[in-house]
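# Residue-level structural notes
This is what each chain is made of:
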Amino acid sequence: MDITNLDFQQARIKQVLFKSRLRSVLYGVREADDALFSMRENPLGEWLNTVVKPKYSTYPEVREIERVLQQMLMAGQSLVRQYQRGQLEESRTGLEQIDGYAEQIVALLQKMEQASA
């Protein structure tokens, strides 16, 4: 099974979904749950493990996406802890860091998409 353009588009959407969920926690719309920060339960992490790694585990981009995603999840968890301690503005300002990780992931997905074409 090859990864299609649609798969890559869905992967991009999955990382946007994480950012959206995190933002909703930091703005008090929803409660944080541990699954939000679990590599196994994160939609993009799940996609990496089930779709990408079985066939493309040798691509350096896969390991790098996994590394950056783990950093993004840890940073998000840290922001939620700030929010829970009452540091609302600081936690929301930290979303810029999450955007940086997301941009790295998108760039790696694009590189991988080109390499697998």
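Residues numbered from 1 in each chain as written. Predicted model: local features only at pLDDT ≥ 70, side-chain atom pairs only at ≥ 80, totals over all residues. Heavy atoms only, no water.

- Going by what an unreviewed UniProt entry lists, the protein is known as Histidine kinase and is assigned to Hymenobacter canadensis.

## Side note on the overall build of the protein
- What the protein contains, in helices and strands, is 5 helices and 0 strands.
- Beginning at the N terminus, the succession of helices and strands in the protein can be written as α-α-α-α-α.
- Computed over the C-alpha atoms, the radius of gyration of the protein is 15 Å, within 12% of the 13 Å expected from 2.2 N^0.38 for a compact globule of 117 residues.
- Each of the three principal axes of the protein carries a C-alpha extent, and together these read 45 × 20 × 20 Å.
- Across the 117 residues that make up the protein, the buried fraction comes to 41%.
- For the protein, the share of sequence-separated contacts (at least 6 apart) that also reach a separation of at least 24 residues comes to 72%.
- For the protein, the accessible area works out to roughly 6700 Å², and carbon and sulfur atoms hold 47% of it.
- Within the protein, one finds 15 positive and 16 negative side-chain charges whose respective centroids are separated by 2 Å. (Helix = DSSP H or I, 4+ residues; strand = E, 2+ residues; numbered from the N terminus. Rg over C-alpha atoms; globule rule 2.2 N^0.38 Å. Buried < 20%, exposed > 50% of the residue type's maximum accessible area, 1.4 Å probe, protein only. Contact = heavy atoms within 4.5 Å. Areas by Shrake-Rupley, 256 points an atom, 1.4 Å probe, with all protein chains shown as cover. Lys, Arg positive; Asp, Glu negative; His and termini not counted. Charge placed at Lys NZ, Arg CZ, Asp CG, Glu CD.)

## Topic: the packing of aromatic side chains
- Scanning all chains against the criterion turns up 3 aromatic pairs.
- When the ring centre of Tyr27 is taken as reference, the NZ or CZ atom of Arg92 above it lies at 4.2 Å. (Phe/Tyr/Trp six-rings, centres within 6.5 Å; stacked < 30°, edge-to-face > 60°. Lys NZ or Arg CZ within 6 Å of the ring centre and 35° of its normal.)

## Quick word on the nonpolar core
- Core analysis: the largest hydrophobic core is formed by 33 residues, its most contacted members being Leu22, Trp47 and Val52.
- Considering every element that reaches this core, the biggest residue donor is helix α3 (residues 60-84), with 9 residues.
- Contacts of Trp47, omitting those with residues within four sequence positions, involve Ile3, Asp7, Phe8, Ala11, Lys14, Val52 and Leu109. (Core = buried A, V, L, I, M, F, W, Y, C linked by side-chain atoms within 4.5 Å.)

## Looking at the side chain of Gln15
- Mapped onto the fold, Gln15 is located in helix α1 (residues 5-26).
- Classification of Gln15 by relative accessible area gives buried; the value is 4%.

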